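Spelled out from the first residue to the last, the chains are:
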Amino acid sequence: MIRWFLVVFLALMFISWLSPMLRRIGFGKLPGDLRFRWRGREWDIPLASTLLLSFVASMIAKFV
């Protein structure tokens, strides 16, 4: 169980670290990605981008 928490934590840290670079290439700007401002903070929920990246990762895993 601790292993899964560690993996999820590291994945979230990695994604947040790469977020500015990913935004420049279109991550978070697809139709279906939500962006809103609430209580003075900007929130991003990249639903469509996450689905696209998941599909790409599964295709890579299938061929490797």
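Here's a quick rundown of the structure. (Residues numbered from 1 in each chain as written. Predicted model: local features only at pLDDT ≥ 70, side-chain atom pairs only at ≥ 80, totals over all residues. Heavy atoms only, no water.)

## A closer look at the pattern of salt bridges
Here is step 1 of the chain: Tallying each qualifying case throughout the model produces three salt bridges.
Here is step 2 of the chain: The salt bridge involving Asp 44 is made with Arg 35; its shortest N-O contact spans 2.8 Å.
Here is step 3 of the chain: With a closest N to O distance of 4.0 Å, Glu 42 and Arg 37 form a salt bridge.
Here is step 4 of the chain: We classify Arg 37 as exposed; its relative accessible area is 58%.
Here is step 5 of the chain: Overlapping salt bridges, with partners in common, bring together Arg 35, Arg 37, Glu 42 and Asp 44 in one network. (Salt bridge = Lys/Arg side-chain N within 4 Å of Asp/Glu carboxyl O. Buried < 20%, exposed > 50% of the residue type's maximum accessible area, 1.4 Å probe, protein only.)

## A few points about the packing of aromatic side chains
Here is step 1 of the chain: Here the structure, examined in full by the defined rule, presents zero aromatic pairs.
Here is step 2 of the chain: Here Arg 41 stacks its cationic end above the ring of Trp 43, 4.7 Å away from the centre of that ring. (Phe/Tyr/Trp six-rings, centres within 6.5 Å; stacked < 30°, edge-to-face > 60°. Lys NZ or Arg CZ within 6 Å of the ring centre and 35° of its normal.)

## Some points on a nonpolar patch on the surface
Here is step 1 of the chain: Taken together, the side chains of Leu 30, Leu 52, Phe 55, Val 56, Ile 60 and Val 64 present a nonpolar region at the surface, about 590 Å² in accessible area.
Here is step 2 of the chain: Look at Leu 52 and you get partly exposed, because its relative accessible area is 46%. (Patch = residues over 30% accessible without salt bridge, like charges linked within 9 Å, V, L, I, M, F, W, Y side chains within 5 Å. Areas by Shrake-Rupley, 256 points an atom, 1.4 Å probe, with all protein chains shown as cover.)

## Let's talk about the pairing of strand β2 (residues 41-46)
Here is step 1 of the chain: Bridge count between strand β1 (residues 33-38) and β2: six bridges; the pairing is antiparallel. Residue pairing in the sheet places Arg 35 in a bridge with Asp 44 of β2.
Here is step 2 of the chain: What sits between the antiparallel neighbours β1 and β2 is a turn of two residues, in which Arg 39 has the positive phi angle 55 degrees. (Pairing = 2+ DSSP bridges. Helix = DSSP H or I, 4+ residues; strand = E, 2+ residues; numbered from the N terminus.)

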